[in-house]
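Each chain, written out:
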Amino acid sequence: MADTPIKATLTLDGQTYDLPVLSPTEGPDVIDIRKLYAQTGMFTYDPGFTSTASCDSSLTYIDGGEGILLHRGYTIGELAEKSNYLEVCYLLLYGELPSLKEMEKFQKTITQHTMLHEQMTGFFKGFRRDAHPMAIMVGVVGAMSAFYHDSTDINDPQQREVATHRLIAKMPTIAAWAYKYSIGQPFIYPRNDLDYASNFLRMCFAVPAEDYEVSPILARAMDRIFTLHADHEQNASTSTVRLASSSGANPFACIAAGVACLWGPSHGGANQACLEMLREIGTVDRIPEFIARAKDKDDPFRLMGFGHRVYKNFDPRATVMKQSADEVLDLLGVEDNPILQVAKELEKAALADPYFAEKKLFPNVDFYSGIILEAMGFPTSMFTPIFALSRTVGWISQWKEMIEDPSMKIGRPRQLYTGESKRSYIAADERD
Ligand code: SDX
């Protein structure tokens, strides 16, 4: 970022303050308020951070008005079409697309970290069988701090690198085993001869009783879903990871915090909530009823999979996801899937409705992903774990960028206090 000749002038009680304005490579300039409190004795106030840049980052750029998403300058559309998830992991981590040799080395490193410490199987078995897979993921990812002590020292670049590779490599195994545990089937171990997405599908759907062949088209669709969810600027779960990391907590604990935040239905839990909503709508003729509810101020119901804090146009990931949904359902011979029909008609009806147009509510990344995942055979409870698996590279890349920044400080927001002013204690027998 660069200082600009522009100054922001703030006038308070006749006193004026000049605030520096910093300019980015792309996107809005920012007013640097780091010295504001020291100069004015005042805080800024921005619950939900709708107008706040919490950091500088070179990983991902989003233009909500134009529906643009870049990872290190490459559009999500090109990456989804021409690249693959592990190559995007390399790009996010190291800033450039890898050479063939670099990619081969990276792929081999990740492959060799896919197994979990055998004692972790016991950790899984401590959960009830009906535990939500996200509850298991939060627990198991946090517990990695207890199994991989040799990669928890954040001041050792080598340990940071190993922790990064372990997290990217082991999340598919953790997610797949959380699923297997919930359906009472034995864990399937990763295989080093399979690519990342094929390995995950096999760990989820293979059983020891027979061979399992991964469909290359489903593996490609799975890989594309991973890519579309890889990183997304300073969203709620990434901001959680950054805030946790700013205290110096170990990477496994910080990523577990990100998994916990992603679980919410307003964030990564929306794909599960969206499919449950589509199922509740059930048939195209019930769509008007749900559109009316979404517009009713007295009804807390919202159209899950619609709207976005940043995208006030279309979510470029939803566009790619919609194409993928058509391909996968066509391949599986379920192109007339009633849920997909409801989704397509709901999208059409919502986009034609002035309420949604005025409020700029468009389908987001979660709208179509659930349809593909359901068609692939995943239960809705596995949708957010798959989002968490995919976003791990984004979380850990943002963590890496922050930890390597020598100016990193602990995050400590202030508040607008609205409680009682100072008052004296009243003995119990003197109270009303
Ligand atoms: C993700 O940040 C990211 O990048 C997240 C993510 C990522 O990759 O990390 O992109 C992933 O989380 C995508 C979003 C998934 N969530 C959902 O699909 C849940 C449904 N969407 C909403 O909860 C909502 O749209 C949010 C949370 C996504 C965004 O909310 P905002 O920006 O805080 O907007 P808001 O709640 O202030 O709503 C603005 C207006 C309100 O009406 P008014 O009070 O102005 O009259 O729009 C309405 C809202 O009532 N509104 C909706 C709506 N979303 C907003 N009305 C009906 N249906 C909806 N889905």
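Asker: Where do I start with the side chain of Asp223 in this structure?
Answerer: Note that Asp223 resides in helix H9 (residues 216-228). Discounting chain neighbours no more than four positions away, the residues touching Asp223 are Asn84, Tyr85 and Ala197.

Asker: Would you mind showing me how to read the side chain of Arg317 here?
Answerer: With respect to the helices and strands, the residue Arg317 is situated in helix H14 (residues 316-331). The class for Arg317 is buried, based on a relative accessible area of 2%. Beyond its immediate chain neighbours, meaning those up to four positions away, Arg317 contacts Leu69, Ile76, Leu228, His232, His308, Tyr311, Val365 and Arg391.

Asker: Sorry, what's going on with the pattern of salt bridges here?
Answerer: It is possible for side chains bearing opposite charge to pair when their charged atoms get close. Summed over the entire model, instances satisfying the criterion amount to 17 salt bridges. For the salt bridge of Arg224 with Glu327, the shortest nitrogen-to-oxygen distance reads 3.7 Å. You can see Arg224 sitting in helix H9 and its partner Glu327 sitting in helix H14, a full 103 residues away along the chain. For Arg317, the salt bridge goes to Asp315, with nearest N and O atoms at 2.8 Å. A relative accessible area of 2% means that Asp315 is categorised as buried.

Asker: Help me out: how do you make sense of helix H15 (residues 338-351) in this one?
Answerer: Because each turn of an α-helix spans 3.6 residues, side chains separated by three or four positions end up pointing in the same direction. Its 14 residues place the ends of H15 20 Å apart at the C-alpha level, agreeing with the 20 Å of an ideal helix rising 1.5 Å per residue. For H15, the complete set of buried residues consists of Ile339, Leu340, Val342, Ala343, Leu346, Glu347 and Ala350. Down the axis of H15, the sector holding all buried residues measures 160°, keeping them to one side. Facing away from the buried surface of H15 by more than 90 degrees, the exposed residues are Pro338 and Lys348. The elements touched by buried residues of H15 are helix H12 (270-281), helix H13 (287-295), H14, helix H16 (354-358) and helix H17 (365-375).

Asker: Please clarify how the nonpolar core should be interpreted in this entry.
Answerer: The tendency in soluble globular proteins is for nonpolar side chains to be buried side by side. Phe200, Met222, Leu303, Leu346, Met376 and Phe378 are the most contacted members of the largest nonpolar core, which has 113 residues in total. Looking at this core, the element that brings in the most residues is helix H7 (residues 157-182), giving 12 residues. Once you skip the residues sitting within four places of it in the chain, Phe200 turns out to touch Pro172, Ala175, Ala176, Met222, Phe226, Phe378, Met382, Ile386 and Leu389.

Asker: What is the right way to read the environment of Ile291 from this model?
Answerer: Within the secondary structure, Ile291 sits in helix H13. The spatial distance from the C-alpha of Ile291 to the C-alpha of Phe356 is 9.5 Å, given a sequence separation of 65 residues.

Asker: Sorry, what's going on with helix H18 (residues 383-403) here?
Answerer: With 21 residues, H18 should reach 30 Å at 1.5 Å per residue; the first-to-last C-alpha distance of 30 Å fits that figure. Of all the bends in H18, the greatest measures close to 40° and is centred on Arg391.

Asker: Would you mind going over the site of the ligand with me for this structure?
Answerer: Inspection of the region around the ligand gives 25 residues, with His232, Gly305, His308, Arg317 and Arg391 positioned closest. The side chain of Arg302 places a nitrogen or oxygen atom 3.0 Å from an oxygen atom of the ligand. Leu303 places a polar main-chain atom, nitrogen or oxygen, 2.8 Å from a nitrogen atom of the ligand. A per-class count over the shell around the ligand returns nine nonpolar, eight polar and eight charged.

Asker: Looking at this structure, how should I read a nonpolar patch on the surface?
Answerer: Together, Ile217, Leu331 and Leu332 make up a nonpolar patch on the protein surface, roughly 230 Å² of accessible area in all. Checked against the element boundaries, Leu331 lands in helix H14.

Rules of the game
Residues numbered from 1 in each chain as written. Predicted model: local features only at pLDDT ≥ 70, side-chain atom pairs only at ≥ 80, totals over all residues. Heavy atoms only, no water. Helix = DSSP H or I, 4+ residues; strand = E, 2+ residues; numbered from the N terminus. Contact = heavy atoms within 4.5 Å. Buried < 20%, exposed > 50% of the residue type's maximum accessible area, 1.4 Å probe, protein only. Salt bridge = Lys/Arg side-chain N within 4 Å of Asp/Glu carboxyl O. Expected span 1.5 Å × (residues − 1). Arc of directions from axis to C-beta. Core = buried A, V, L, I, M, F, W, Y, C linked by side-chain atoms within 4.5 Å. Bend = angle between axes of the 7 residues up to and from the residue. Near = heavy atom within 4 Å. Polar contact = N/O pair within 3.5 Å; in protein donor to acceptor, adjacent residues only side chain to side chain. Nonpolar A, V, L, I, M, F, W, Y, C, P; charged D, E, K, R; others polar. Patch = residues over 30% accessible without salt bridge, like charges linked within 9 Å, V, L, I, M, F, W, Y side chains within 5 Å. Areas by Shrake-Rupley, 256 points an atom, 1.4 Å probe, with all protein chains shown as cover.

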